[in-house]
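Okay, here's what each chain looks like letter by letter:
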Amino acid sequence: MTTTIHPLILCGGSGTRLWPLSRKSYPKQFVPLVGDTTLFQASAQRLSGPGYAAPIILTNADFRFIVTEQLSEIGIDPGAILIEPSVRNTAPAILAAALHLHATDPDALVLVAPSDHVVPDATAFRAAVAAGAVAATAGQIVTFGIKPTHPETGYGYLELTAPLTDDTPRALALHRFVEKPDLAAATQMLASGQYLWNAGIFLFSVKTILAAFATHAPALVTHTTNAVKNAKIDLGFLRLDPAAWDKNDDISIDFAVMEHAKNLSVVPFAAGWSDLGGWDAVWRESAQSARGVATSGPATSIDCDNSLLRSEDDTLEIVGIGLKNIIAVAMKDAVLIADVSRAQDVKLAVSALKAKHAKQATAFPKDHRPWGWFESLVIDDRFQVKRIHVHPGAALSLQSHHHRSEHWIVVKGTAKVTVDDTVKLIFENQSVYIPLGAVHRMENPGKLPMVLIEVQTGSYLGEDDIIRYEDIYARD
């Protein structure tokens, strides 16, 4: 492959079908669901190496530091990181990246990929991309279709102009996009050999996709152009202009462009793929026993069949006895138990929890911040105990509180602590008291993570009781 491919990784989703592990505050792309790396990290690694430029990332403000942290962990330096002011689906997101790249390379090839898919054979996937690059250079909009393995009703389909005769990656004519079918239609599609799953992965040149948007979605072009033109640099991120961005329709690239364009090709891919769209998919992608049981973490299976037992807490042992076709996922603050056939209904649980205002619906047990993370160990009416993990070289904001005082005990590493006019180092097994109203900050001056236990006492312990005076991460 002689043409450089510019990956665009879409990383703004907040899927609910993998609750309780995937939540709005920390969705599935940032979690190691299969293997040791997160889905986002695996996506970035798959789209790197010879022939690939630094990835462009499109995400939202809540995830921007998670993105940079996880890329740093795997040694990948990103290109531009574009920040969406609000969720507007894939069409405006892809258009914004294309407009940004057009300023420097209007002939560039862009490979659009979600950040939460599993593709075990990265070499085969890159071969499929290379096969599509010729057609994309010639002005085709290339999509990648997955050879179906069963009559799936959770995916859209791509209809070919003729049945697929072999799995060789090459660009074929695409007849049309098909919406998610019912089981009977999906079964017929599978039998015909003329349909592929729509993976939501695309390859095209910048000028080709901009011409398609201009023809089929001119209003998006107007608003997104203004959003890119008036974007602001913020700590290395590019924040799209919210006033212009919010005028865009919430619309997918399929509806905005693909279902109308005539210059469409598809490259078939049969080397393994999953969007991990539910716990049943995670079960299928996981290593299983002879009886079809997949376990993860401290989990024990006794006389179980075709089940997933998964514990996300080292201190919580999950035990299944005589289970058949069951999904059981245990976390510190929530447990899911469901029949495998009801995996797609997990989103109903999230809706029910939201209706009763349960924080587990959206909030992850670990609250990730630019400087690290914290988790609450004990919560009562007038006190709270937290474990706080601060990355090397990171610092919390200079702040004060109206309603609480704090006591910090360093249990790992060294903390540089500011309390009003006093600055000092606190070592392991040492502590410091932060009076109510005192202006304070903690920093990690070392090269290893710093961990402390924080005891809060006061009449109100909410996270909004923070007055920030200085913040290296430019948070409001």
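Residues numbered from 1 in each chain as written. Predicted model: local features only at pLDDT ≥ 70, side-chain atom pairs only at ≥ 80, totals over all residues. Heavy atoms only, no water.

Student: Would you explain the packing of aromatic side chains in this entry?
Tutor: For any pair of aromatic rings, geometry is given as the distance between the ring centres together with the angle between the planes. Under the definition given, this model contains 11 aromatic pairs. Note on F125 and F144: the rings are 6.2 Å apart at their centroids and 40° apart in plane angle, and the pair reads as tilted. Linking F125 in helix α4 (residues 122-137) with F144 in strand β5 (residues 141-146), this pair joins segments that are 19 residues apart in sequence. With a relative accessible area of 1%, F144 lands in the buried category. Connected via pairs of aromatic rings, a cluster forms that spans Y26, F30, F40, F63 and F364. Directly above the ring of W373 sits K366, whose terminal nitrogen or CZ lies 4.1 Å from the centroid. Across from the ring centre of F374, 4.0 Å away, lies the NZ or CZ of K386, which sits over that ring. (Phe/Tyr/Trp six-rings, centres within 6.5 Å; stacked < 30°, edge-to-face > 60°. Helix = DSSP H or I, 4+ residues; strand = E, 2+ residues; numbered from the N terminus. Buried < 20%, exposed > 50% of the residue type's maximum accessible area, 1.4 Å probe, protein only. Lys NZ or Arg CZ within 6 Å of the ring centre and 35° of its normal.)

Student: Quick question: what am I supposed to make of the pattern of salt bridges here?
Tutor: Pairs can form between side chains of opposite charge whenever their charged atoms are close. For the structure shown, the criterion picks out 22 salt bridges. Where D246 meets R88, a salt bridge forms, and the shortest distance between an N and an O atom there is 4.0 Å. Taken as a pair, D246 in the loop between α8 (242-245) and α9 (253-258) and R88 in the loop between β3 (81-84) and α3 (90-102) lie far apart in primary sequence, 158 residues in all. Here E463 and R369 are joined by a salt bridge, their closest N and O atoms 3.8 Å apart. On the criterion of sequence distance, the pair formed by E463 in the loop between β27 (450-458) and β28 (467-470) and R369 in strand β18 (residues 366-369) is long-range, its members being 94 residues apart. We classify E463 as partly exposed; its relative accessible area is 29%. Sharing partners across several salt bridges, the network here consists of R291, D303, D305 and K324. (Salt bridge = Lys/Arg side-chain N within 4 Å of Asp/Glu carboxyl O.)

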